Amino acid sequence: MYKESTNVVVKHLVNRLRDVRTTSNEFRLTIEEISRILASEALNDFPTITQNINTWQGALDVEVIEVQKLVLIPILRAGEPMLTGILRTLPYAKSGFLAMKRDEETSLSKLFYENIPNLENKTVILLDPMVATGGSLIDGIEYLKSKNAKKIITLNIIGSPFGVKKVTEAHPDVDMFIAQIDERLDENNYIRPGLGDAGDRAFNTH
Ligand SMILES: O=P(O)(O)OC[C@H]1O[C@H](OP(=O)(O)OP(=O)(O)O)[C@H](O)[C@@H]1O
Ligand SMILES: O=c1cc[nH]c(=O)[nH]1
Ligand SMILES: [Mg+2]
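Residues numbered from 1 in each chain as written. Chains lettered and ligands numbered in written order. Predicted model: local features only at pLDDT ≥ 70, side-chain atom pairs only at ≥ 80, totals over all residues. Heavy atoms only, no water.

Engineer: Explain the coordination of the magnesium ion (ligand 3) here, please?
Structural biologist: Any two of four tetrahedral donors ideally make an angle of 109.5 degrees at the metal, while pairs among six octahedral donors ideally make 90 or 180 degrees. The coordination sphere of the magnesium ion (ligand 3) contains the protein donors D197 (OD) and D197 (OD), at a distance range of 2.4 to 2.5 Å. Mapping D197 onto the fold places it in the loop between β13 (191-192) and α6 (198-203). (Donors = N, O, S within 2.8 Å, 3.2 Å for Na, K, Ca; no water. Helix = DSSP H or I, 4+ residues; strand = E, 2+ residues; numbered from the N terminus.)

Engineer: Whenever I open this one, the site of ligand 2 confuses me. Can you help?
Structural biologist: Every residue lining ligand 2 is accounted for by R102, M130, A132, N189, Y190, I191, G196, D197 and A198. G196 is positioned with one of its backbone polar atoms (N or O) 2.8 Å from a nitrogen atom of ligand 2. Measuring from an oxygen atom of ligand 2, one finds a backbone N or O atom of A198 at 2.8 Å. The fraction of the free accessible surface of ligand 2 (240 Å²) that becomes covered by protein chains is 89%. (Near = heavy atom within 4 Å. Polar contact = N/O pair within 3.5 Å; in protein donor to acceptor, adjacent residues only side chain to side chain. Areas by Shrake-Rupley, 256 points an atom, 1.4 Å probe, with all protein chains shown as cover.)

Engineer: Is there a simple way to think about the nonpolar core in this case?
Structural biologist: Nonpolar side chains in soluble globular proteins tend to be buried together. Counting residues in hydrophobic clusters, the biggest one holds 37 residues, and the most contacted among them are I34, L155 and I157. Mapped onto this core, the elements with two or more residues apiece are α1 (8-18), α2 (24-42), β4 (70-76), α3 (80-89), β8 (123-127), β10 (151-159), β11 (175-181) and α6. Non-local contacts of I157, meaning those with residues more than four positions away in its chain, are made with V14, L17, I31, I34, S35, L38, M82, D128, P129, I178, A179 and Q180. Counting 22 residues, the second largest nonpolar core, distinct from the first, contains L98, L137, L144 and V167. (Core = buried A, V, L, I, M, F, W, Y, C linked by side-chain atoms within 4.5 Å. Buried < 20%, exposed > 50% of the residue type's maximum accessible area, 1.4 Å probe, protein only. Contact = heavy atoms within 4.5 Å.)

Engineer: Teacher, can you tell me more about the pairing of strand β3 (residues 58-65) here?
Structural biologist: On any regular strand, side chains alternate: one points to one face of the sheet, the next to the other face. Across 8 bridges, strand β2 (residues 48-55) lies against β3 in antiparallel orientation. If you follow T50 over to β3, its bridge partner there is E63. Between β2 and β3, which pair antiparallel and follow one another directly, the connecting turn spans 2 residues. (Pairing = 2+ DSSP bridges.)

Engineer: Got a minute to help me understand the pattern of salt bridges in this structure?
Structural biologist: Side chains that differ in charge, positive against negative, can pair when their charged atoms come close. Tallied over the entire structure, the rule returns 13 salt bridges. Put simply, E32 and R88 hold a salt bridge, and the shortest N to O gap is 3.3 Å. Of this pair, E32 sits in helix α2 while R88 sits in helix α3, placing them 56 residues apart in sequence. Its relative accessible area of 11% is what places E32 among the buried residues. Put simply, K101, R102 and E104 are held in one network by salt bridges that share partners. (Salt bridge = Lys/Arg side-chain N within 4 Å of Asp/Glu carboxyl O.)

Given below as structure tokens:
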């Protein structure tokens, strides 16, 4: 399934990403902010455990997210600020990494590096801001399934209708939380209106 955010703050922040005046530093910080909101939407139903803590009035049983059951995995480069943002909320979540690059001639993704912790019995939150053809996300999900992830949730910022459909058809068991689905994929497989190349915008390489 996929769920497009209805949060007006998320929409507001996505439009800041689209603005060409937004500097790379502000772009990364905005991605961090959006990702923290998307993560709280995605984790709303996540299982909690009871923890006994000491408060100013003594011992108290409280409900906390079972962070040990989570693994955060960004698809580099553009997914990196998403990880940074979510780690500010969940600083002790385990993280793994997939470094992928889409070949701009063929639009096929290639995996260059991975470092993934044990995923057995873990829920993976896969992070990539852009879902254009959907190829990178589909390949990333397949890789994590081959590593026996128990459940996969993706957090994405902008998708094309084509890419989102491809991902949900290829992996109907994956829950996709996306900030905004844009109008279309263009003839160069870029999202319109989109924001350009998210990696270049984030790391000042355009
Ligand atoms: O849905 P797709 O057609 O596969 O395109 C989306 C992919 O392209 C972008 O990464 P890119 O390959 O440009 O790498 P980068 O993050 O290093 O810029 C983006 O972050 C996705 O991973
Ligand atoms: O629109 C697009 C397509 C692929 N990658 C991006 O960063 N943006
Ligand atoms: Mg790129």
